[in-house]
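A closer look at the structure
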Amino acid sequence: MSSADKNLSVFSTKEIPDVSNKNFAIVVAEWNSEITEALFEGAYKTLIEYGAKAENITRVDVPGSYELSFGAQKMAQKAQVDAIICLGCVIQGETKHNDYINHAVAQGLTNVSLKYDKPVIFGVLTPNDQQQAIDRAGGIHGNKGDEAAFTAIKMLGIN
Ligand SMILES: Nc1c(NC[C@H](O)[C@H](O)[C@H](O)CO)[nH]c(=O)[nH]c1=O
Ligand SMILES: CC(=O)[C@@H](O)COP(=O)(O)O
């Protein structure tokens with residue numbers, strides 16, 4: 001189904017777990033910071049809106065989305081961290097570089113999640129151009145940061 005004119009950030013608010021005592025790490029890629037900062041703002045706002053405490057949210061910055069896996073691993077190794085949200089934006093260029101990054105970070109985050117038995121959320125935009133990124137970082141298609149944060153909360157309800 002086309003994403004045209006669709007808010008991709010609509011999600012069910014049923015059965016939201018209590019996360020008032022849960023610790024979240026948000027790993028943010030610095031590449032395309034205009035976009036990733038908007039994703040972070042959305043994720044942070046959503047965590048607070050659904051019960052997380054500001055003092056229980058830690059932010060870590062990495063250079064690019066490819067480094068999100070390493071940043072996630074460093075956070076997952078911390079016993080007190082309950083869930084990790086990874087935010088990035090990989091815009092297609094002239095070569096296949098974006099494909100290699102996207103595949104690497106998707107697999108890398110999955111590996112960290114399974115290795116440390118903790119939710120590691122893929123909040124990485126993979127747009128074809130800047131406008132598609134803007135549309136998904138607080139624009140007409142919602143905010144992928146909101147979705148990523150809400151996903152982390154819901155995953156903490158799985159025991
Ligand atoms: N072009 C983008 C990058 N490229 C940088 C890589 O993520 C990585 O930092 C570099 O290959 C060194 O390991 N990163 C993004 O997040 N977004 C891009 O559009
Ligand atoms: C996705 C990126 O790393 C981006 O800088 C690649 O650009 P290009 O494929 O034009 O080298």
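Residues numbered from 1 in each chain as written. Chains lettered and ligands numbered in written order. Predicted model: local features only at pLDDT ≥ 70, side-chain atom pairs only at ≥ 80, totals over all residues. Heavy atoms only, no water.

What to know about the overall build of the protein chain
Each helix and strand in the protein chain was counted, giving five helices and six strands. Ordered by position in the sequence, the α and β elements of the protein chain form the string β-α-β-α-β-α-β-α-β-β-α. Scaling as 2.2 N^0.38, a compact globule of 159 residues should have a C-alpha radius of gyration of about 15 Å, and the protein chain matches this with 15 Å. Viewed in the frame of its principal axes, the protein chain has a C-alpha envelope of about 45 × 30 × 25 Å. Taking as baseline every contact in the protein chain between residues at least 6 positions apart, the subset at least 24 positions apart corresponds to 81%. When the accessible surface of the protein chain is split by element, carbon and sulfur atoms take 50% of a total near 8500 Å². Charged side chains in the protein chain number 14 positive and 19 negative. The centres of these two groups are separated by 7 Å. (Helix = DSSP H or I, 4+ residues; strand = E, 2+ residues; numbered from the N terminus. Rg over C-alpha atoms; globule rule 2.2 N^0.38 Å. Contact = heavy atoms within 4.5 Å. Areas by Shrake-Rupley, 256 points an atom, 1.4 Å probe, with all protein chains shown as cover. Lys, Arg positive; Asp, Glu negative; His and termini not counted. Charge placed at Lys NZ, Arg CZ, Asp CG, Glu CD.)

Here's the deal with the site of ligand 1
Near ligand 1 you find Trp 31, Asn 32, Gly 64, Ser 65, Tyr 66, Glu 67, Cys 89, Val 90, Ile 91, His 97 and Ile 101, and these make up its full shell. In this structure, Ser 65 approaches ligand 1 through a side-chain N or O atom, which is 2.8 Å from an oxygen atom. For ligand 1, an oxygen atom lies 3.1 Å from a polar atom in the backbone of Tyr 66. Against a free-state accessible area of 440 Å², the protein chains account for coverage of 76% of ligand 1. A majority-of-atoms criterion places ligand 1 in the largest pocket. Among the residues forming the shell around ligand 1, the class breakdown is six nonpolar, four polar and one charged. (Near = heavy atom within 4 Å. Polar contact = N/O pair within 3.5 Å; in protein donor to acceptor, adjacent residues only side chain to side chain. 1 Å grid on protein atoms, 1.4 Å probe; cavity = no way out; pocket = protein on both sides within 12 Å on 5 of 7 lines; lining within 4 Å. Sits in = over half its atoms within 2 Å of the grid points. Nonpolar A, V, L, I, M, F, W, Y, C, P; charged D, E, K, R; others polar.)

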